[in-house]
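# Notes for the structure review
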Amino acid sequence: MSEAEAIDRAKGGDAECFELLYGLHKRRVYSLCLRMVGNTAEAEDLTQEAFLQLYRKIATFRGESAFSTWLHRLAVNVVLMHLRKKGLPEVSLEEAMEPQQEDGPKKDIGARDNVLAGSIDRVNLERAIESLPPGYRIIFVLHDIEGYEHNEIAEMMGCSIGNSKSQLHKARMKLRDLLKTSRAEKAATRR
Amino acid sequence: MTCAEFQKVLPYIIETGGSEEEESHLASCPVCSDLVQDLRYIAEQAKLLLPMREPSPQVWDNIQDSLEREGLVKTGRSKGKILGL
């Protein structure tokens, strides 16, 4: 059965087709939720809610976008709604900025270091992403991993495009620091 | 243009490119050039991250329960095996 056929049948309440759609998309939805909230229990609850909303709304899917795109956007909205209910409104996401990154000259100025290119493995990158402050992590996941544009993120988050770009930059700078530290620690243990 | 001035506008130009002065600084400054290279590399590697994790089987069980409770499914409860997967 193709996905399109499964969607049509799921609209009619076919339980096996619901399960097929779940099997096809569970990993991506769950990974998105987990990367955005950083907690497996929450991510599972959000995955469950995203699929339940999918099944409640599947009759409204018209095929104007790809099904995966539609589901993905729905999952993102579920996560953002959850974060807002937890008391993480957009302004507090702005306040996740570390003050020292706003003040004075940047610490990179005048200090050259080995570039990261070729030295990141995915496990370390995933770990570094998990340890980002929530505000940075959300924007980074949405933009760099999930591929949303800044204007889309701004609309979803209720912030400006400039703020989205600024938060993304701070996230990447923080990741750079974390990855360089991790690399240095590994090099030190080898000696 | 100083490095501080360049790095202040970097968030807004890293994807779209900057002014002639900003691009000139980038081309001539190894520190800022290394920084931009690192940030772009991180972004590129992030795009390659695959959905690696699976939710526990309990998630589907909970979904099934809710679907039946809400009357969204017409047939009886399936036994949890994903068809053909």
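Scroll up to find the structure.
This report concerns the structure included in the present document.

### Let's talk about the environment of isoleucine 120 of chain A
As for its position among the elements, isoleucine 120 of chain A is in the loop between helix H5 (90-94) and helix H6 (122-130). Classification of isoleucine 120 of chain A by C-beta neighbours within 10 Å gives buried; the count is 21. A C-alpha to C-alpha distance of 9.2 Å links isoleucine 120 of chain A and lysine 180 of chain A, two positions 60 residues apart in sequence. Beyond its immediate chain neighbours, meaning those up to four positions away, isoleucine 120 of chain A contacts Leu125 and Leu179 of chain A together with Gln45 of chain B.

### Side note on the interface of chain A and chain B
Of the residues lining the interface, 44 residues belong to chain A; the matching set on chain B comes to 40 residues. Elements represented by at least two residues in the side of chain A that touches chain B include exactly helix H2 (15-37), helix H3 (40-57), H6, helix H7 (134-145) and helix H9 (161-190) of chain A. Looking at the side of chain A that touches chain B element by element, the count peaks at 13 residues for H2 of chain A. For the side of chain A that touches chain B, the per-class residue count stands at 18 nonpolar, nine polar and 17 charged.

### Focus: the nonpolar core
All names here are of chain A. Core analysis: the largest hydrophobic core is formed by 59 residues, its most contacted members being Phe18, Cys33, Ala75, Val79, Ile139 and Phe140. No other element matches H2, which puts twelve residues into this core. Here this core spans two domains, since at least three of its residues come from each of domain 1 (3-85) and domain 2 (90-190). Sequence-distant contacts of alanine 75, that is, excluding residues within four places in its chain, are made with Val29, Leu32, Cys33 and Ala50.

Conventions and cut-offs
Residues numbered from 1 in each chain as written. Chains lettered and ligands numbered in written order. Predicted model: local features only at pLDDT ≥ 70, side-chain atom pairs only at ≥ 80, totals over all residues. Helix = DSSP H or I, 4+ residues; strand = E, 2+ residues; numbered from the N terminus. Buried ≥ 20, exposed ≤ 12 C-beta atoms within 10 Å, placed from the backbone. Contact = placed C-beta atoms within 7 Å. Nonpolar A, V, L, I, M, F, W, Y, C, P; charged D, E, K, R; others polar. Core = buried A, V, L, I, M, F, W, Y, C linked by C-beta atoms within 7 Å. Domains from an automatic or database assignment.

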